[in-house]
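# Results of the structural survey
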Amino acid sequence: MDFNMKKLASDAGIFFTRAVQFTEEKFGQAEKTELDAHFENLLARADSTKNWTEKILRQTEVLLQPNPSARVEEFLYEKLDRKVPSRVTNGELLAQYMAEAASELGPTTPYGKTLIKVAEAEKRLGAAERDFIHTASINFLTPLRNFLEGDWKTISKERRLLQNRRLDLDACKARLKKAKAAEAKATLWNDEVDKSEQELRVAQTEFDRQAEVTRLLLEGISSTHVNHLRCLHEFVESQTTYYAQCYRHMLDLQKQLGSSQGAIFPGTFVGTTEPASPPLSSTSPTTTAATMPMEPSAAGLAPPGEASLCLEEVAPPASGTRKARVLYDYEAADSSELALLADELITVYSLPGMDPDWLVGERGNKKGKVPVTYLELLS
């Protein structure tokens, strides 16, 4: 009991001494041991790493899960070390509503059939989003959290210890200075100065030891940057794969709807009045094929009855021609096709029996088939 009381009293005395030293330093009434410039740079870099890691982590969480309530729920499950319940994505929920609407409004009607096709595409988009969120969480968010909750807490703990050791050191310096001043006036015994010098040596040794430990931890921030760089590459790769999948799914849906539109509204244009998405840039061999404008297969270039059609002999319809802007360069595969240059304007129209993925294009006195996905149809 007496030992515990003595220890509490000792701890209280140390805390009081540090508080006095800290306060006097703030008011310029006490000297402060300064760290070297390299150490200060390490501290500043560590603080910047921590602050930006927190911001990037929080904003990535918002990107992956915009719903704040859902983020709070996921955070609580993680803290309780429980599995986060599977949550339906917005795309999957939209797909569910569209499928139910088609079932009630008539799955065999043109509107119902289209609802079903769009629902299937939205479902695939939702699944792709789920995979992206899962991959990004494991490969990017988790390492950032591990740094903040692991390495950074250790660094912070050692920095607090270093601060305490520095305050103890400077307090010892102050006591020794006062003891020498008193000795000069012959008001203290010599052993008081010896005691202060011994305390200063011990405090200096503890400070130097703690400074070295803290320095090693701060220098480890370089390894943290290397690890976060690798995680950043993995995040970009997963995001590239996700958007490539979305582009492919939507391009497939666009073709399906274009084919249906030609059957429902004969004589109208097949395609979209909005510009197609530009090719995504990716070095990944697994995603490159999905990032380029998809050309119709050679087998689908000439539907029955079109192979014998001579475009040079066909006059454009009296009404139904339209201007189109070329989105990408296109090299004609044969004499029946028209080569295209990005950003040029051409006249296009459809002919009965043509593949819905193609239109007839005219530029001056040249005429030929052109792929719809390479065009932005203008009003």
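Sequence positions are assigned chain by chain, starting from 1 and proceeding in written order. In keeping with the model being predicted, local features are shown solely for residues with a pLDDT of at least 70 and side-chain atom pairs are shown and tallied solely at 80 or more, while totals for entire chains, interfaces and linings include all residues. Note that the side-chain values use all heavy atoms of the structure and ignore hydrogens as well as water.

## Side note on unusual backbone geometry
The phi angle at Asp343 is positive, at roughly 80°, despite the residue not being glycine. Inspection of the secondary structure puts Asp343 in the loop between β1 (322-326) and β2 (345-349). A 1.4 Å probe rolled over the protein chains alone gives each residue an accessible area, and that area as a share of the maximum for its type sets the label: buried under 20%, exposed over 50%, partly exposed in between. Judged by its relative accessible area of 54%, Asp343 falls in the exposed class. Think of it this way: any DSSP run of H or I at least four residues long counts as a helix, any run of E at least two long counts as a strand, and we number them from the N terminus.

## So, the side chain of Glu61
Inspection of the secondary structure puts Glu61 in helix α2 (residues 37-64). Within the local environment of Glu61, its side chain forms a polar contact with the side chain of Arg145, the two groups lying 2.9 Å apart. A 3.5 Å cut-off defines polar contacts: any pair of N or O atoms within that distance qualifies, except that in protein one atom must be a possible hydrogen donor and the other a possible acceptor, and neighbouring residues in sequence count only when both atoms are side-chain atoms.

## Description of the pattern of salt bridges
In what follows, salt bridge is the name for a side-chain nitrogen of Lys or Arg lying within 4 Å of a carboxyl oxygen of Asp or Glu. A complete count under the given rule lists 15 salt bridges for this structure. Salt-bridge contacts for Asp168 lead to Arg18; the nearest nitrogen and oxygen are separated by 2.9 Å. Highlighted residues: Asp168 in helix α5 (residues 110-184) and Arg18 in helix α1 (residues 2-26), separated in sequence by 150 residues. The pair Asp168 / Arg18 is uniform in exposure class, with both members buried. Asp343 is the partner of Arg325 in a salt bridge, and the nearest nitrogen-oxygen pair spans 3.0 Å. Taken together, the residues span a long stretch of sequence, with Arg325 in strand β1 and Asp343 in the loop between β1 and β2 at a distance of 18 residues. Residues joined by salt bridges that share partners form a network here, namely Arg58, Glu61 and Arg145.

## A closer look at the packing of aromatic side chains
Here the distance between the centres and the angle between the planes together describe a pair of aromatic rings. Two rings from Phe, Tyr or Trp (for Trp, the six-membered ring) form a pair when their centres are within 6.5 Å of each other. A pair whose planes differ by under 30 degrees is stacked, one over 60 is edge-to-face, and the rest are tilted. Going through the model one piece at a time under the given rule, you end up with eight aromatic pairs. Ring geometry for Phe140 versus Phe235: centroids 4.7 Å apart, planes at 20°, classification stacked. A residue pair is termed long-range when its members are at least 10 positions apart, and Phe140 in helix α5 and Phe235 in helix α7 (residues 221-264) qualify at 95 residues. For Phe140, a relative accessible area of 5% puts it in the buried group. Sitting above the plane of the Trp52 ring, Lys55 keeps its charged end 4.5 Å from the centroid. Here, a charge over a ring means that NZ of Lys or CZ of Arg falls within 6 Å of the ring centre while also lying within 35 degrees of the ring normal. Sitting over the ring of Trp358, Lys369 keeps its end group 5.7 Å from the ring centre.

## A short note on the nonpolar core
Side chains that are nonpolar tend, in soluble globular proteins, to be buried together. The nonpolar core is taken to be a set of buried Ala, Val, Leu, Ile, Met, Phe, Trp, Tyr and Cys residues, with the residues joined through side-chain atoms within 4.5 Å. Counting 33 residues, the largest nonpolar core has Phe39, Phe132, Phe140 and Leu218 as the members making the most contacts within it. Within the residue set of this core, elements represented by two or more residues are α2, α5, α6 (190-219) and α7. Tallying contributions element by element places α5 first for this core, with 16 residues. Note on definitions: a residue-residue contact is assigned when non-hydrogen atoms from the two residues lie within 4.5 Å. Those residues within four positions of Phe140 in sequence are excluded, and the remaining contacts are Ile56, Thr60, Thr135, Cys231, Leu232 and Phe235. The next biggest cluster of nonpolar side chains, apart from the first, holds 20 residues, and it includes Leu327, Tyr330, Leu351 and Met354.

## Description of the side chain of Glu92
Examined against the element boundaries, Glu92 turns out to sit in helix α4 (residues 90-105). For Glu92, a relative accessible area of 18% gives the class buried. Leaving out residues up to four positions away in the same chain, Glu92 has contacts with Glu122, Lys123, Gly126, Ala127 and Arg130.

## Some details on α4
To estimate the expected span of a helix, count its residues, drop one, and scale the result by 1.5 Å. Taking 1.5 Å as the rise per residue, α4 with 16 residues should run 22 Å; its terminal C-alpha atoms sit 22 Å apart, in good agreement. Taken together, the buried positions of α4 are occupied by Gly91, Glu92, Ala95, Met98 and Ala102. Buried residues of α4 fall within an arc of 120° about the axis and therefore sit on the same side. Along α4, exposed side chains directed more than 90 degrees from the buried face belong to Asn90 and Glu104. After α4 finishes, the residue Gly106 shows a positive phi value of roughly 120°. Our arc is simply the arc of the directions from the helix axis toward the C-beta atoms.

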